[in-house]
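Listed here are the chains, written in short residue letters.
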Amino acid sequence: VGQLAGGVAHDFNNVLTAIIGFSDLLLLKQRPTDAAYRDIMNIKQSALRAAGLVHQLLAFSRRQTLQAEVLELGETLTDLAALLNRALGEKIVLKILSGRDLWYVKADKTQFVQVIINLAVNARDAMPDGGTLAIRTRNISERESLKLSASGVAAGEYVLIEVEDTGCGMAPEVVGKIFEPFFTTKEQGRGGNMGGTGLGLSTVYGIVKQSGGFIFADSDPGPGPNRGTKFS
(Lines give C-alpha, C1' and ligand atoms only; values in the text may rest on other atoms or scores of the structure.)
Protein backbone atom coordinates (compact mmCIF):
# COMPACT_ATOMS: atom_id res chain seq x y z
CA VAL A 1 0.00 0.00 0.00
CA GLY A 2 2.86 2.35 0.81
CA GLN A 3 4.54 1.76 -2.55
CA LEU A 4 1.25 2.31 -4.36
CA ALA A 5 0.50 5.49 -2.41
CA GLY A 6 4.00 6.84 -3.01
CA GLY A 7 3.91 6.09 -6.74
CA VAL A 8 0.49 7.69 -7.20
CA ALA A 9 1.53 10.68 -5.08
CA HIS A 10 4.59 11.38 -7.23
CA ASP A 11 2.61 11.26 -10.48
CA PHE A 12 -0.25 13.27 -9.02
CA ASN A 13 2.19 15.88 -7.75
CA ASN A 14 3.37 16.50 -11.33
CA VAL A 15 -0.22 17.14 -12.40
CA LEU A 16 -0.78 19.53 -9.49
CA THR A 17 2.42 21.42 -10.28
CA ALA A 18 1.06 22.13 -13.75
CA ILE A 19 -2.36 23.21 -12.41
CA ILE A 20 -0.79 25.57 -9.86
CA GLY A 21 1.67 26.96 -12.43
CA PHE A 22 -0.98 27.70 -15.05
CA SER A 23 -3.23 29.19 -12.37
CA ASP A 24 -0.46 31.64 -11.48
CA LEU A 25 -0.08 32.57 -15.18
CA LEU A 26 -3.82 33.22 -15.47
CA LEU A 27 -3.81 35.31 -12.30
CA LEU A 28 -1.13 37.56 -13.81
CA LYS A 29 -3.53 38.34 -16.67
CA GLN A 30 -6.48 39.15 -14.40
CA ARG A 31 -7.26 42.04 -12.13
CA PRO A 32 -8.48 41.21 -8.60
CA THR A 33 -11.76 42.90 -9.53
CA ASP A 34 -12.32 40.70 -12.59
CA ALA A 35 -15.05 38.06 -12.34
CA ALA A 36 -12.72 35.22 -13.27
CA TYR A 37 -10.08 36.14 -10.68
CA ARG A 38 -11.94 34.53 -7.76
CA ASP A 39 -12.62 31.35 -9.75
CA ILE A 40 -8.93 31.01 -10.64
CA MET A 41 -7.97 31.56 -7.01
CA ASN A 42 -10.37 28.79 -5.98
CA ILE A 43 -8.70 26.47 -8.50
CA LYS A 44 -5.27 27.30 -7.11
CA GLN A 45 -6.31 26.93 -3.47
CA SER A 46 -7.90 23.54 -4.19
CA ALA A 47 -4.73 22.41 -5.94
CA LEU A 48 -2.62 23.57 -2.98
CA ARG A 49 -4.82 21.57 -0.58
CA ALA A 50 -4.43 18.53 -2.81
CA ALA A 51 -0.66 19.07 -2.77
CA GLY A 52 -0.82 18.94 1.02
CA LEU A 53 -2.49 15.54 0.79
CA VAL A 54 0.25 14.38 -1.59
CA HIS A 55 2.84 15.43 0.99
CA GLN A 56 1.05 13.34 3.61
CA LEU A 57 0.97 10.31 1.30
CA LEU A 58 4.70 10.62 0.63
CA ALA A 59 5.32 10.69 4.39
CA PHE A 60 3.18 7.60 4.93
CA SER A 61 4.97 5.71 2.13
CA ARG A 62 8.36 6.80 3.55
CA ARG A 63 9.45 8.28 0.24
CA GLN A 64 10.22 11.77 1.47
CA THR A 65 13.70 13.22 1.28
CA LEU A 66 14.79 13.75 4.88
CA GLN A 67 17.31 16.43 5.85
CA ALA A 68 18.75 14.81 8.97
CA GLU A 69 20.60 16.89 11.54
CA VAL A 70 21.76 16.38 15.12
CA LEU A 71 19.06 17.47 17.58
CA GLU A 72 18.66 17.78 21.33
CA LEU A 73 14.95 17.02 21.59
CA GLY A 74 14.44 18.83 24.89
CA GLU A 75 15.60 22.10 23.35
CA THR A 76 13.57 21.47 20.19
CA LEU A 77 10.38 20.91 22.20
CA THR A 78 11.01 24.04 24.30
CA ASP A 79 11.34 26.09 21.11
CA LEU A 80 8.09 24.53 19.88
CA ALA A 81 6.09 25.32 23.04
CA ALA A 82 4.70 28.67 21.88
CA LEU A 83 3.42 27.21 18.62
CA LEU A 84 1.88 24.24 20.44
CA ASN A 85 0.10 26.50 22.91
CA ARG A 86 -1.49 28.44 20.05
CA ALA A 87 -2.57 25.20 18.37
CA LEU A 88 -4.03 23.75 21.57
CA GLY A 89 -6.03 26.80 22.64
CA GLU A 90 -6.77 28.23 26.07
CA LYS A 91 -8.67 25.22 27.47
CA ILE A 92 -5.71 22.84 27.31
CA VAL A 93 -2.68 22.98 29.60
CA LEU A 94 0.62 22.03 27.97
CA LYS A 95 3.32 20.42 30.11
CA ILE A 96 6.77 19.71 28.65
CA LEU A 97 8.85 17.54 30.98
CA SER A 98 12.35 16.94 29.64
CA GLY A 99 14.64 14.31 31.07
CA ARG A 100 18.13 15.24 32.20
CA ASP A 101 21.16 14.89 29.94
CA LEU A 102 19.18 13.71 26.93
CA TRP A 103 21.24 12.00 24.26
CA TYR A 104 21.42 13.61 20.85
CA VAL A 105 19.44 12.14 17.97
CA LYS A 106 19.75 12.48 14.22
CA ALA A 107 16.48 13.44 12.57
CA ASP A 108 14.84 15.87 10.18
CA LYS A 109 13.79 18.78 12.40
CA THR A 110 10.92 19.86 10.15
CA GLN A 111 9.50 16.35 10.09
CA PHE A 112 9.95 15.97 13.85
CA VAL A 113 8.01 19.18 14.41
CA GLN A 114 5.25 17.87 12.12
CA VAL A 115 5.04 14.67 14.18
CA ILE A 116 4.61 16.57 17.44
CA ILE A 117 2.09 19.03 15.99
CA ASN A 118 0.02 16.21 14.47
CA LEU A 119 -0.06 14.37 17.79
CA ALA A 120 -0.90 17.59 19.66
CA VAL A 121 -3.78 18.45 17.32
CA ASN A 122 -5.06 14.89 17.62
CA ALA A 123 -4.99 15.25 21.41
CA ARG A 124 -6.72 18.64 21.25
CA ASP A 125 -9.61 17.15 19.29
CA ALA A 126 -9.98 14.47 21.98
CA MET A 127 -10.33 17.16 24.68
CA PRO A 128 -13.10 19.54 23.48
CA ASP A 129 -13.86 20.55 27.09
CA GLY A 130 -10.22 21.08 28.01
CA GLY A 131 -7.58 19.00 29.70
CA THR A 132 -3.82 18.46 29.88
CA LEU A 133 -1.30 17.47 27.23
CA ALA A 134 1.99 16.22 28.67
CA ILE A 135 5.09 15.70 26.54
CA ARG A 136 7.88 13.83 28.33
CA THR A 137 11.35 12.86 27.19
CA ARG A 138 13.96 10.54 28.69
CA ASN A 139 16.77 8.24 27.68
CA ILE A 140 16.23 4.50 27.13
CA SER A 141 19.32 2.37 27.77
CA GLU A 142 20.13 -0.69 25.70
CA ARG A 143 19.26 -2.92 28.65
CA GLU A 144 15.86 -1.26 29.01
CA SER A 145 15.25 -1.57 25.26
CA LEU A 146 15.56 -5.35 25.57
CA LYS A 147 12.31 -5.34 27.54
CA LEU A 148 10.60 -3.91 24.45
CA SER A 149 11.87 -6.59 22.07
CA ALA A 150 8.46 -8.30 22.11
CA SER A 151 7.06 -5.12 20.54
CA GLY A 152 9.59 -5.26 17.72
CA VAL A 153 12.06 -2.72 19.12
CA ALA A 154 15.65 -3.53 18.19
CA ALA A 155 18.18 -3.49 21.01
CA GLY A 156 19.94 -0.14 21.31
CA GLU A 157 19.97 3.27 22.94
CA TYR A 158 16.98 5.53 22.28
CA VAL A 159 15.45 8.80 23.33
CA LEU A 160 11.83 8.21 24.37
CA ILE A 161 9.12 10.81 23.72
CA GLU A 162 5.72 10.36 25.35
CA VAL A 163 2.76 12.47 24.23
CA GLU A 164 -0.12 11.89 26.65
CA ASP A 165 -3.53 13.56 26.86
CA THR A 166 -6.45 13.39 29.30
CA GLY A 167 -9.03 13.14 26.54
CA CYS A 168 -11.87 10.76 25.80
CA GLY A 169 -9.61 7.83 24.96
CA MET A 170 -10.13 5.20 22.28
CA ALA A 171 -11.53 1.67 22.24
CA PRO A 172 -9.03 -1.15 21.51
CA GLU A 173 -10.48 -1.78 18.05
CA VAL A 174 -9.90 1.89 17.17
CA VAL A 175 -6.34 1.92 18.56
CA GLY A 176 -5.54 -1.00 16.27
CA LYS A 177 -6.41 1.06 13.19
CA ILE A 178 -5.24 4.60 13.97
CA PHE A 179 -2.04 4.38 11.91
CA GLU A 180 -3.87 3.11 8.82
CA PRO A 181 -4.10 5.66 6.00
CA PHE A 182 -7.54 7.22 5.53
CA PHE A 183 -8.90 5.77 8.79
CA THR A 184 -10.48 8.52 10.87
CA THR A 185 -13.13 9.04 13.51
CA LYS A 186 -13.26 12.80 12.85
CA GLU A 187 -15.69 14.75 10.76
CA GLN A 188 -14.40 16.22 7.47
CA GLY A 189 -12.56 19.48 8.14
CA ARG A 190 -11.77 18.92 11.82
CA GLY A 191 -8.23 18.75 13.15
CA GLY A 192 -6.50 21.34 10.94
CA ASN A 193 -5.77 21.16 7.23
CA MET A 194 -5.60 17.35 7.25
CA GLY A 195 -8.60 16.90 9.55
CA GLY A 196 -11.06 14.29 8.37
CA THR A 197 -8.67 12.80 5.80
CA GLY A 198 -7.30 10.06 8.04
CA LEU A 199 -3.71 10.90 7.10
CA GLY A 200 -2.51 12.70 10.24
CA LEU A 201 -1.44 9.68 12.31
CA SER A 202 -0.39 7.61 9.29
CA THR A 203 1.94 10.49 8.41
CA VAL A 204 3.35 10.41 11.95
CA TYR A 205 3.90 6.66 11.60
CA GLY A 206 5.68 7.05 8.25
CA ILE A 207 8.00 9.80 9.49
CA VAL A 208 8.94 7.89 12.66
CA LYS A 209 9.64 4.68 10.73
CA GLN A 210 11.63 6.45 8.01
CA SER A 211 13.70 8.08 10.78
CA GLY A 212 14.56 4.66 12.23
CA GLY A 213 12.27 4.92 15.25
CA PHE A 214 9.26 3.13 16.70
CA ILE A 215 5.84 4.38 17.79
CA PHE A 216 3.16 2.82 19.96
CA ALA A 217 -0.25 3.95 21.18
CA ASP A 218 -2.01 3.11 24.44
CA SER A 219 -5.47 4.38 25.33
CA ASP A 220 -8.12 4.04 28.02
CA PRO A 221 -11.63 5.14 27.03
CA GLY A 222 -13.13 4.40 30.45
CA PRO A 223 -14.23 6.96 33.06
CA GLY A 224 -11.88 8.16 35.77
CA PRO A 225 -8.64 10.13 36.15
CA ASN A 226 -6.57 7.65 34.12
CA ARG A 227 -8.62 8.12 30.96
CA GLY A 228 -6.73 9.33 27.90
CA THR A 229 -4.28 8.36 25.17
CA LYS A 230 -0.49 8.07 25.17
CA PHE A 231 1.82 7.85 22.18
CA SER A 232 5.38 6.67 22.82
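Up top is the structure.
What you see is a predicted model, and the numbers here were worked out from it, not measured in a lab. (Residues numbered from 1 in each chain as written. Predicted model: local features only at pLDDT ≥ 70, side-chain atom pairs only at ≥ 80, totals over all residues. Heavy atoms only, no water.)

So, the packing of aromatic side chains
Aromatic rings considered in pairs are described by the distance between their centres and by the relative angle of their planes. For the structure on display, the rule yields 3 aromatic pairs. With 5.3 Å between their ring centres and 35° between their planes, Phe179 and Tyr205 make a pair best called tilted. In this pair, Phe179 is assigned in the loop between helix H6 (172–175) and helix H7 (200–210) and Tyr205 in helix H7, connecting sequence segments 26 residues apart. Classification of Tyr205 by relative accessible area gives partly exposed; the value is 23%. A connected cluster of aromatic rings, assembled from ring pairs, spans Phe179, Tyr205 and Phe231. (Phe/Tyr/Trp six-rings, centres within 6.5 Å; stacked < 30°, edge-to-face > 60°. Helix = DSSP H or I, 4+ residues; strand = E, 2+ residues; numbered from the N terminus. Buried < 20%, exposed > 50% of the residue type's maximum accessible area, 1.4 Å probe, protein only.)

Section: the layout of surface pockets
Considered as a void within the structure, the largest pocket measures approximately 900 Å³ in volume. Considering the residues around the largest pocket, the lining is formed by 34 residues, among which Val159, Ile161, Val208, Gly213 and Phe214 are closest to the centre. Per-element tally for the lining of the largest pocket: the top contributor is strand E5 (residues 158–165), with 6 residues. In terms of residue class, the lining of the largest pocket is built from 22 nonpolar, 6 polar and 6 charged. (1 Å grid on protein atoms, 1.4 Å probe; cavity = no way out; pocket = protein on both sides within 12 Å on 5 of 7 lines; lining within 4 Å. Points joined across faces, edges and corners; volume = space filled by probe spheres on them. Nonpolar A, V, L, I, M, F, W, Y, C, P; charged D, E, K, R; others polar.)

Points about helix H4 (residues 109–125)
Helix length check: H4 (17 residues) gives 24 Å between terminal C-alpha atoms against 24 Å at 1.5 Å per residue, within 8%. Of all 17 residues making up H4, 13 are buried, and the element is well covered by its neighbours. You can read the cap of H4 off the contacts: a side-chain oxygen lies 3.0 Å from the backbone nitrogen of Thr110, and it is on Asp108. (Expected span 1.5 Å × (residues − 1). Polar contact = N/O pair within 3.5 Å; in protein donor to acceptor, adjacent residues only side chain to side chain.)

Considering unusual backbone geometry
Peptide bonds are, in most cases, trans, and in most cases residues other than glycine have a negative phi. Residue Asp101 is not a glycine yet carries a positive backbone phi of 50°. In this fold, Asp101 is placed in the loop between strand E2 (92–98) and strand E3 (105–108). Relative accessible area serves as the criterion here: at 65%, Asp101 is assigned to the exposed category.

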